[in-house]
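# Report on the structure
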Amino acid sequence: MWKKLSKKHREKLTALLPYSISLASGILMGLTVAPVGAWFLSWIALSPLWVLIVTAKSKKIKYPPLLGLAWGIGYHGVALSWITGIHPMDWLGVPWLLSLTIALFCWSFITLYGGLLVTLWGVAMARFAGRNTWQRVLFATATWCGLETLWSASPLWWSSLAYTQSPHNLVILHLGQLSGPNTVTAAIVAVNGLVAEAWITRQAKTAPASFAPMELINKSLGIATALLISLHILGFYLYNIPIPQPPEAALKVGIIQGNIPNRIKLYPEGLRRAMAGYTSGYYILVDQGVDAVLTPEGALPYFLRDLTNTSLVKAIQEKNIVGWIGAFGEKGPSYTNSLFTFTGSGEVVSRYDKTKLVPLGEYIPFEGILGGIIQRLSPLKEHQVPGSPNQIFDTPFGRGIVGICYDSAFPEIFRRQAASGGEFILSSSNDAHYSASMPFQHHALDIMRAIETDRWSVRATNTGYSAFVDPHGQTLWISGHNTYETHAEIVYKRQTQTLYVRWGDWLTVVLLGLSVLAYIKN
């Protein structure tokens, strides 16, 4: 078949091969997360892109920046393909075709947005491709971590390289206790780089491989193997540190997974089901001896002023057991997506407003500039605003750490609250209307936050997956998907502070500093 093609067509196909390889290796990285969960691929899936960028000049690759873009499209496009689950949005009154357009636009945008990160990394790598192996590995690792830090400071963030290891490789995730998720990201990039450098070195050998000692040919591969093993040994040590469970720190928490589909959630049928399901679930959990009950994000889609006379709040007053209720708060003329602490007296003693809002889903990006255009595509009619970045959530049991839905993707939110004295994590989410892969990825992010902060985590969602997680990231219980469930577990309040909680992401700063010094030296 190949020989039958004309020379011109063979040249075109050959020219496209590097970009196809980059795309394919990016897709492999995308398979590391749910629904496939092939986490081990992450330790080699970046290597082909590394090789192609470093050798682009010698192999006369015409557009090196497109290599990174192709890889990023493969990775983020596969990993975030669940976003298409927002279609159909007929429950919001959005026509079928417009709903499909919105879904495809969102998928394309976040894919290209993620692809831009890898493109910038590739451009930086190409600029320094002439450096030696160690400088390349240092520079590439620092640059990737730096870019992920910038991206996580933006409104749109989810698929860090670090989350490719969650929830399956809990050992390596414990490196997050040292300097956050970028510690795991740095490990993945460095190992991939050393594997790639081993390949580049081997290909550059002029003598047949059989004439040279294998240890010299694969020196970088040997170091990559040693690094991979050493990092897992360190993670294994952290993973095996005992978790004290003093009785005085025990807190029995119940969760209710209401299972109210989004298509009926805001309509009379959904409101009736929500009120009945959460009230009856509250009574069930109280009979099991819980100290408090957590409900999902927007469990009762009412404003706080309308909650007082609901059956759930009356049940809280009757049983005198704390309820954390997901509902709406008011902030001037706008509203917030909030979690409220109701005591037995019916008093609200604390409130957390969701900090990170979902673009298009909860607010209009660049509203002042593009508001008129995007409003035609967005189903939003109300104006939701984010909560303050420095919120404190005090409860009758001590200070809590709260994340509502999309907050889980942003580790700094949890780190700051842990540093401010938060003793346990409450994660409240909706996650309805998506395939099971999205809430499982969300659960994976919550596992990372529990490990990084060394805290027990309670996760309540609308349709799944709700869960209880210990500070080592072990899932003690997880719900089904699209099921109504109640469950109670004992968690323990903790006041420990990991290096990450104390100092933040110091590793990225050190790596960038060393890269600058290495550049100046040369």
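The structure contained in this document is the topic of the report that follows. In this numbering scheme, every chain counts its residues from 1 along its sequence in written order. Predicted model: local features are reported for residues with pLDDT of at least 70 only, side-chain atom pairs are reported and counted for 80 or more only, and whole-chain, interface and lining totals are derived from all residues. Computation of side-chain values: all heavy atoms of the structure, hydrogens and water removed.

## A few points about the overall build of the protein chain
Numbering of helices and strands runs from the N terminus; a helix is a DSSP stretch of H or I covering at least four residues, while a strand is a stretch of E covering at least two. A tally of helices and strands in the protein chain yields 18 helices and 12 strands. Looking at the 522 residues of the protein chain, the share that counts as buried comes to 57%. Here a residue-residue contact requires only that any non-hydrogen atoms of the pair lie within 4.5 Å. Taking the contacts inside the protein chain whose residues are at least 6 apart along the sequence as the reference set, 72% of them involve residues at least 24 apart. Here, Shrake-Rupley sampling with a 1.4 Å probe gives the accessible areas, and only protein chains in the shown set may cover a residue. Summed over its atoms, the accessible surface of the protein chain is roughly 22400 Å², and 65% of this surface lies on carbon and sulfur atoms. Buried, partly exposed and exposed residues are distinguished by accessible area as a fraction of the type maximum, computed with a 1.4 Å probe on protein chains only: under 20%, between the cut-offs, and over 50%, respectively.

## Things to note about the nonpolar core
One finds Trp-50, Trp-71, Trp-121, Trp-144, Trp-158, Tyr-163 and Trp-324 to be the most contacted residues of the largest nonpolar core, which totals 99 residues. Of all the elements, helix 8 (residues 181-204) adds the most residues to this core, at 9 residues. Sequence-distant contacts of Trp-50, that is, excluding residues within four places in its chain, are made with Trp-121, Met-125, Arg-136, Val-137, Ala-140, Val-189, Gly-193, Ala-196, Glu-197 and Ile-200. Core analysis: the next-biggest nonpolar cluster, separate from the first, contains 24 residues, Ala-274, Val-286, Leu-307 and Phe-342 among them. Definition of nonpolar core: a set of buried residues of the types Ala, Val, Leu, Ile, Met, Phe, Trp, Tyr and Cys, connected through side-chain atoms within 4.5 Å.

## A word on the sheet that holds strand 3 (residues 322-331)
One open sheet accounts for 6 strands, arranged 5-4-3-2-1-12; its pairing is mixed. On the outer flanks of this sheet lie strand 5 (348-353) and strand 12 (485-492), each paired with one strand and no other. Going across the sheet, the axis of each strand differs from the next one's by a mean of 35 degrees, ignoring polarity. Note on pairing: two strands pair once DSSP finds at least 2 bridges between them. Think of each axis as a best-fit line through the C-alpha atoms, taken over the contacting stretch in the case of a helix, with angles from 0 to 180 degrees between the N-to-C directions.

## As for the packing of aromatic side chains
Aromatic pairing here means that ring centres of Phe, Tyr or Trp (its six-membered ring) are within 6.5 Å. Orientation follows from the plane angle: under 30 degrees is stacked, over 60 is edge-to-face, and everything else is tilted. Applying the stated criterion across every chain, the model contains 21 aromatic pairs. Seen in terms of ring centroids, Trp-71 and Tyr-75 are 5.5 Å apart; in terms of plane orientation they differ by 45 degrees. Their pairing is tilted. One end of the pair is Trp-71 and the other is Tyr-75, both in helix 3 (residues 65-79) and 4 residues apart, which spans about a single turn. Residue classification places Trp-71 among the buried positions, given a relative accessible area of 0%. Both rings, one in Trp-82 and one in Tyr-434, keep their centres 5.4 Å apart while their planes meet at 90 degrees; by these two values the pair is edge-to-face. Of the two residues, Trp-82 is situated in the loop between helix 3 and helix 4 (96-127) and Tyr-434 in the loop between strand 8 (425-429) and helix 16 (437-453); the sequence distance between them amounts to 352 residues. Residue Trp-82 is classed as buried on the basis of its relative accessible area, which comes to 9%.

## Comments concerning the side chain of Arg-449
Checked against the element boundaries, Arg-449 lands in helix 16. Judged by relative accessible area, which is 2%, Arg-449 ranks as buried. Beyond its immediate sequence surroundings of up to four residues, Arg-449 is in contact with Pro-181, Ser-408, Ala-409, Phe-410, Pro-411, Phe-414 and Ile-425.

## Describing the pairing of strand 7 (residues 398-404)
Along any regular strand, the residues point their side chains to alternate faces of the sheet. Counting buried positions along strand 7 yields 6 of 7 residues, so the element is predominantly enclosed. In terms of strand pairing, strand 6 (residues 393-395) meets strand 7 through 3 bridges, oriented antiparallel. Following the sheet pairing, Thr-395 is matched in strand 7 by Gly-398. Hairpin remark: strand 6 followed by strand 7, antiparallel, with 2 residues in the connecting loop. Crossover connection from strand 7 via helix 15 (residues 411-419) to parallel strand 8: handedness right-handed. By convention, orient the strands away from the viewer: a clockwise path from the first strand over the helix to the second makes the crossover right-handed.

## What to know about the sheet that holds strand 11 (residues 475-478)
Strand order in this open sheet of 6 strands is 6-7-8-9-10-11, and the pairing throughout is mixed. Strand pairing shows two members of the sheet lacking a second neighbour, strand 6 and strand 11, which therefore form its edges. Sheet twist, expressed as the average angle between the axes of neighbouring strands with direction ignored, equals 20 degrees. Bridging between strand 7 and strand 8 involves 4 bridges; their strand directions are parallel. Each residue of the ladder has a partner; that of Val-402, found in strand 8, is Leu-426. Where helix 15 meets the sheet, it contacts strand 7 and strand 8, and its direction lies at approximately 175 degrees from that of strand 7.

## Notes on a nonpolar patch on the surface
Residues enter patches when they are more than 30% accessible in relative terms and free of salt bridges; like-charged ones are connected within 9 Å and nonpolar ones (Val, Leu, Ile, Met, Phe, Trp, Tyr) within 5 Å. The term salt bridge refers to a side-chain nitrogen of Lys or Arg lying within 4 Å of a carboxyl oxygen of Asp or Glu. On the surface, a nonpolar cluster with roughly 570 Å² of combined accessible area is contributed by Leu-499, Trp-503, Trp-506, Val-510, Leu-514 and Leu-517. At the level of secondary structure, the elements contributing two or more residues to the nonpolar patch comprise helix 17 (499-503) and helix 18 (506-521). In terms of residue count, the dominant contributor to the nonpolar patch is helix 18 (4 residues). For Leu-499, the position within the fold is in helix 17. Of the residues examined, Leu-499 reaches a relative accessible area of 30% and is grouped as partly exposed.

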